Amino acid sequence: MAKKIFIITGDYSADIHASAVAREIKKLIPDAIIEGVGSTNLENAGVKLFKNHDKMGQMGLTPKVVIEHLFMGLDIVKYLKNEFRPDLVLLIDYGAFNLQISKALKKAGIKTFFFIPPQVWASRKYRLKTIKKNIDKVLTIFPFEEEFYKEAGIDSTYVGHPIVSELPTCNNKEEFFARHGLDINKKLIGIFPGSRTFEIKFLLNIFLGAIKIIEKLKPDVQFVFSHAKSLKDDAFSVPYQKIKGENHQLLAYSDALILASGTVALEAAMYNTPMLIAYRGPLIFYLGYLLVRNIKRACLVNIITKRDYVDEYLMYDATAQNIANGIIEILDNPKKREHILKGCAKTRELLGKTHCVEKVASIIKDELIEE
């Protein structure tokens, strides 16, 4: 009898990872029936969508957002219990929503795996109780996570990070510069102000202020803003060039990077590009974060290596002057660049070269075939 698998995602990046996993599962279990909650990428992988998640990645706990998530969750659980009846549900990222779903799945006796689990090692450690009670297996993407979960009595396996195999090779800097009218003889600073509207709101003016300071001191420098795919075309306006859909090239070809904190720092490390991290958000969110955090580092390079390689400017330290000073030091101080690049190399070493989605699919196959 054909095995049934249901995948639940909540945002664009998870949709990409899910589509890759689905393709690998179909190679290993050709007759598997896979349905899920996702978007275009998952659908293009041949997965039948029960729900499109386009409205799920909204920021904030507004009544509208909460109600939409509540009803979507109820619809999903009802469908899985009464109609689809999967052999396994694979939750991918989107911790708050997926952990709530896991409670209902556990009560229904549905086997549940979590790929890219909540970063409870960083904050909200109390979530471990929910994971231990409701998740059958955790598939971790950072090497230190496996031991962390096992110490809590949770079945876990390190499968590698998706970006190790998903990042494209970028080796045509001259073509990229020519196509965008950039000066090959000038240093390029890549600016990544975030992929969410609220991040743009809090960071954009600070980043612009930093640019003004740098321009006065370094006239031989040029700036390009990354426009995240998740943002509308008119999400923000700047008097500098914006590039949408070529984040990887900008990460690879820049001489230094100003980044909003997040996975983009890990991508920069994979491309061996010096960076600094700057992040600011609503004060109430930050105060809440301080109450539940378990670690003091924010940049993934620093977290993975357990050392301070990349400068972090968070909340009120995220000023135009601090960011400008940090970038100028990266450009002018070879020892500073070498220190950051050492951290990038150590990060790549610790992540290894495992083809993540192949391992996830293999674990799922072994689980289902053993039944």
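Okay, so let's go over this structure. Residues take numbers from 1 onward in each chain, read along the sequence in its written order. It should be noted that, the model being predicted, local features are given only for residues of pLDDT at least 70 and side-chain atom pairs only at 80 or more, the latter also being counted only at that level, while totals for whole chains, interfaces and linings use all residues. Where side-chain values are given, they derive from all heavy atoms of the structure, hydrogens and water being excluded.

What about the overall build of the protein?
Starting at the N terminus, helices and strands are each numbered in turn, a helix being any DSSP run of H or I of at least four residues and a strand any DSSP run of E of at least two. Scanning the protein from terminus to terminus reveals 16 helices and 13 strands. Burial classes: relative accessible area under 20% of the type maximum marks a residue as buried, over 50% as exposed, and values in between as partly exposed (1.4 Å probe, protein chains only). For the protein, buried positions account for 50% of its 371 residues. Here, residues are in contact when the closest pair of their heavy atoms is within 4.5 Å. Once local pairs closer than 6 in sequence are excluded, the contacts in the protein between residues at least 24 apart make up 65%. What sets the accessible areas is the Shrake-Rupley method with a 1.4 Å probe; for residues, cover comes only from the shown protein chains. Element-wise, carbon and sulfur atoms account for 51% of the exposed surface of the protein, whose accessible area totals about 17,500 Å². For the protein, the centre of its 52 positive side-chain charges and the centre of its 43 negative side-chain charges are spaced 5 Å apart. Note on charges: Lys and Arg go in the positive column, Asp and Glu in the negative column, and His and the chain ends are not counted at all. Note that the charge is assigned to NZ on lysines, CZ on arginines, CG on aspartates and CD on glutamates.

Concerning the nonpolar core
As used here, the term nonpolar core means buried Ala, Val, Leu, Ile, Met, Phe, Trp, Tyr and Cys residues forming a set that is joined through side-chain atoms within 4.5 Å. Core analysis: the biggest nonpolar cluster contains 126 residues, and Leu90, Phe115, Leu259 and Met275 have the highest contact counts within it. Each residue touching Phe115, except ones within four places of it in the same chain, is listed here: His17, Val21, Leu90, Leu91, Ile92, Asp93, Leu139, Ile141, Val159, Pro162, Cys356 and Val360.

Points about the sheet that holds strand S10 (residues 241-244)
If you trace the 6 strands from one edge of the open sheet to the other, you get S10-S9-S8-S11-S12-S13, paired in parallel fashion. Looking at strand neighbours, the two that pair on one side only are S10 and strand S13 (312-314), the edges of this open sheet. For this sheet, the mean angle separating the axes of adjacent strands, direction not counted, is 20°. Paired strands are those between which DSSP finds at least two bridges. Strand direction decides the pairing type here: strand S12 (residues 275-279) and S13, joined by 3 bridges, are parallel. Counterpart to Ala278 in the pairing with S13 is Tyr313. Between the N-to-C directions of two axes lies an angle of 0 to 180 degrees, each axis being a line fitted to C-alpha atoms and, for a helix, fitted only over the stretch in contact.

Here's the deal with helix H11 (residues 263-270)
The element H11 is extensively covered by neighbouring structure, given that 6 of its 8 residues are classed as buried. All of the buried residues along H11 are Val264, Ala265, Leu266, Glu267, Ala268 and Ala269. Two residues or fewer after H11 comes Asn272, characterised by a positive phi angle close to 60°.

Overview of the pattern of salt bridges
It is possible for side chains of opposite charge to pair when their charged atoms get near one another. By convention in these notes, a salt bridge is any Lys or Arg side-chain nitrogen within 4 Å of a carboxyl oxygen on Asp or Glu. Overall, the coordinates contain 13 salt bridges when judged by the stated rule. Between Lys137 and Asp155 there is a salt bridge, with the nearest N and O atoms lying 3.1 Å from each other. Taken together, the residues span a long stretch of sequence, with Lys137 in strand S6 (residues 137-140) and Asp155 in the loop between helix H6 (143-151) and strand S7 (156-158) at a distance of 18 residues. Its salt-bridge partner being Asp366, residue Lys365 comes within 3.6 Å of it at the nearest N-O pair. Residue Lys365 is classed as partly exposed on the basis of its relative accessible area of 26%. Relative accessible area serves as the criterion here: at 34%, Asp366 is assigned to the partly exposed category. Taken together, the shared-partner salt bridges connect Glu175, Arg179 and Glu246 into one network.

Quick look at a nonpolar patch on the surface
Residues qualify for a patch when their relative accessible area is over 30% and they have no salt bridge, like charges being joined within 9 Å and the nonpolar side chains of Val, Leu, Ile, Met, Phe, Trp and Tyr within 5 Å. The grouping of Ile67, Leu70, Phe71 and Leu74 at the surface amounts to a nonpolar patch, some 400 Å² of accessible area in total. Here Ile67 lies in helix H3 (residues 63-84). Relative accessible area serves as the criterion here: at 45%, Ile67 is assigned to the partly exposed category.

Description of the side chain of Glu246
With respect to the helices and strands, Glu246 occurs in the loop between S10 and helix H10 (247-253). Owing to a relative accessible area of 12%, Glu246 belongs among the buried residues under this scheme. With near-sequence residues (within four places) excluded, Glu246 lies in contact with Phe176, Arg179 and His180.

Some details on the pairing of S12
Of all 5 residues in S12, 4 are buried; the element is thus mostly enclosed. As judged from the 3 bridges shared by strand S11 (residues 256-259) and S12, these two strands associate in the parallel manner. Residue Leu257 lies in a different strand from S12, and its bridge partner there is Met275. Handedness of a crossover: with both strands directed away from the viewer, a clockwise path from the first strand across the helix to the second marks it as right-handed. Taken together, S11, H11 and S12 form a β-α-β motif whose crossover is right-handed.

Remarks on unusual backbone geometry
With a phi angle near 55°, Asp93 is a residue other than glycine that sits in the positive phi range. Position of Asp93 relative to the elements: it lies in the loop between strand S4 (88-92) and helix H4 (95-107). With a phi angle near 50°, Met315 is a residue other than glycine that sits in the positive phi range.

Some remarks on the sheet that holds strand S3 (residues 48-52)
Taking strand neighbours across the sheet as the criterion, the 7 strands line up as S3-S2-S1-S4-S5-S6-S7 in an open arrangement whose pairing is parallel. Edge positions in the open sheet fall to S3 and S7, since each of these has one partner strand only. Neighbouring strand axes in the sheet, compared pairwise and without regard to direction, differ in orientation by 20° on average. Across the face of the sheet, H4 comes into contact with strand S1 (4-8), S4 and strand S5 (112-115) while running at roughly 160° to S4.

Quick word on the packing of helix H1 (residues 12-28) against helix H16 (residues 356-369)
Packing of H1 against H16 leaves a shortest axis separation of 8 Å and a crossing angle of 50°. What the angle tells us is that H1 and H16 run oblique. Like other packed secondary-structure pairs, H1 and H16 cross with a definite hand, here right-handed. For the pair H1 and H16, the contacting residues are His17, Ala20, Val21, Glu24, Ile25 and Leu28 in the first and Val357, Glu358, Val360, Ala361, Ser362, Ile364 and Lys365 in the second. Its residues assigned to classes, the contact of H1 with H16 comprises 8 nonpolar, 2 polar and 3 charged. By the definition adopted for this analysis, an angle is roughly parallel if under 35 degrees, roughly antiparallel if over 145, roughly perpendicular if from 65 to 115, and oblique otherwise. Helix crossings are classified by the rotation of the near helix relative to the far one: an anticlockwise turn of less than a right angle makes the crossing left-handed, while a clockwise turn makes it right-handed. In the scheme used here, Gly and all other residues not listed as nonpolar or charged are polar, with Ala, Val, Leu, Ile, Met, Phe, Trp, Tyr, Cys and Pro taken as nonpolar and Asp, Glu, Lys and Arg as charged.

In short, geometric facts, not functional conclusions.
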